[in-house]
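Below are the chains, spelled out letter by letter.
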Amino acid sequence: MKKIAVIGAGTMGNGIAHVFAQNGFSVSLIDISQNQLNKALDIITKNLDRQLAKNSIAAEVKEMALQNIALHTSMAAGVQDASLIIEAATELTELKLDLFRQLDEIVSEESILATNTSSISITKIAAATSRPQQVIGMHFMNPVPIMKLVEVINGYATAQEVTDTIVSLSKQLGKVPCVVNDYPGFISNRILMPMINEAIYCVYERVAGVEEIDTIMKLGMAHPMGPLQLADFIGLDVCLSILNVLHEGFGNPKYAPCPLLVNMVMSKKLGVKSGEGFYTYTPGSKDLKVSTRFLP
């Protein structure tokens, strides 16, 4: 497997392209926006520079990685001759289904189609194609160049040889693959999102303040980041979307999103990406300040 195509040049897409390119793969990074592609390449360059400054890579590795990345606004051109296509587009079901329908028509029968979805059913996505046995979940964690885990999700029809290939490939990237089956939220978000939701309920019910909740989980449970700060980092809109998938998929009220989370998303208070969530974020500043709406 020499050529990889990554669809979507956002946070996850550029991170996935980064790790493949750094490990010697030829990567086509595809997005409908040339500006987004240029921004992605700039982010990849800056992240490689950080690795270089920390002596975690050599200068020639940085140059090789950048040379391995080609930018495309045409999906048909970008996926040509790719052995693996990884979809990392926005977490919208209909968008992903449409992309997989298109991919099914334009890539070779031997190509593996993977999705970086954090919660949408792999089986449902695979059903949009004529090759469900070739469709698999490859859920990287953010930030991709740093986080070791790849959650490998088998759809109902995923072939064992496809799973074996993705597991082997993940190891080549220096990642730790964990294979799970296709149920709402898989493992990572099925466990993580109810914890985040419960932390939000604790704010909603005024059990404790934002800082106190995060401090208790960091110092008491050895979490590197509190659940509310983590929710801001993930994106509150993404958290809400995943909770809705869990709630609808299992029909269990324990997964129902907290009304406070719903209101924050409707108010466009999405966390880091919008500049405010449970905390406020100033570009260029590492100071973490609780949003004024949650102060006593």
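Cut-offs and rules
- Residues numbered from 1 in each chain as written.
- Predicted model: local features only at pLDDT ≥ 70, side-chain atom pairs only at ≥ 80, totals over all residues.
- Heavy atoms only, no water.
- Helix = DSSP H or I, 4+ residues; strand = E, 2+ residues; numbered from the N terminus.
- Rg over C-alpha atoms; globule rule 2.2 N^0.38 Å.
- Buried < 20%, exposed > 50% of the residue type's maximum accessible area, 1.4 Å probe, protein only.
- Contact = heavy atoms within 4.5 Å.
- Areas by Shrake-Rupley, 256 points an atom, 1.4 Å probe, with all protein chains shown as cover.
- Lys, Arg positive; Asp, Glu negative; His and termini not counted.
- Charge placed at Lys NZ, Arg CZ, Asp CG, Glu CD.
- Axes fitted to C-alpha atoms, helices over the stretch in contact; angles between N-to-C directions.
- Parallel < 35°, antiparallel > 145°, perpendicular 65-115°, else oblique.
- Left-handed = near helix turned anticlockwise from the far one by under 90°.
- Nonpolar A, V, L, I, M, F, W, Y, C, P; charged D, E, K, R; others polar.

- In the nomenclature of an unreviewed UniProt entry, the chain is known as 3-hydroxyacyl-CoA dehydrogenase NAD-binding domain-containing protein of Paraflavisolibacter caeni.

Describing the overall build of the chain
- Looking only at helices and strands, the chain features 12 helices and 10 strands.
- On C-alpha atoms alone, the chain measures out to a radius of gyration of 20 Å, which is about the 19 Å that the 2.2 N^0.38 rule sets for 296 residues.
- The burial tally for the chain puts 47% of its 296 residues in the buried class.
- The contacts of the chain with a sequence gap of at least 6 include a subset with a gap of at least 24, amounting to 65%.
- As displayed, the chain has an accessible area near 14500 Å², and 54% of this comes from carbon and sulfur atoms.
- Across the chain, the mean location of the 24 positive side-chain charges is 6 Å away from that of the 28 negative side-chain charges.

As for the packing of helix 8 (residues 188–204) against helix 10 (residues 227–234)
- Remark: helix 8 packs on helix 10, axes separated minimally by 9 Å, with the N-to-C direction vectors making an angle of 115°. Taken together, helix 8 and helix 10 sit at an angle that is classed as roughly perpendicular. The interaxial crossing formed by helix 8 with helix 10 has left-handed handedness. Facing helix 8, whose interface residues are Leu192, Met193, Met195, Ile196, Ala199, Ile200 and Val203, helix 10 presents Pro227, Leu228, Leu230, Ala231 and Ile234.
- Split into classes, the residues belonging to the contact of helix 8 with helix 10 amount to 12 nonpolar, no polar and no charged.

Some thoughts on the side chain of serine 291
- Mapped onto the secondary structure, serine 291 falls in the segment after strand 10 (289–290).
- Ignoring any residue separated from it by four or fewer positions in sequence, one finds serine 291 in contact with Glu276, Gly277, Phe278, Tyr279 and Thr280.

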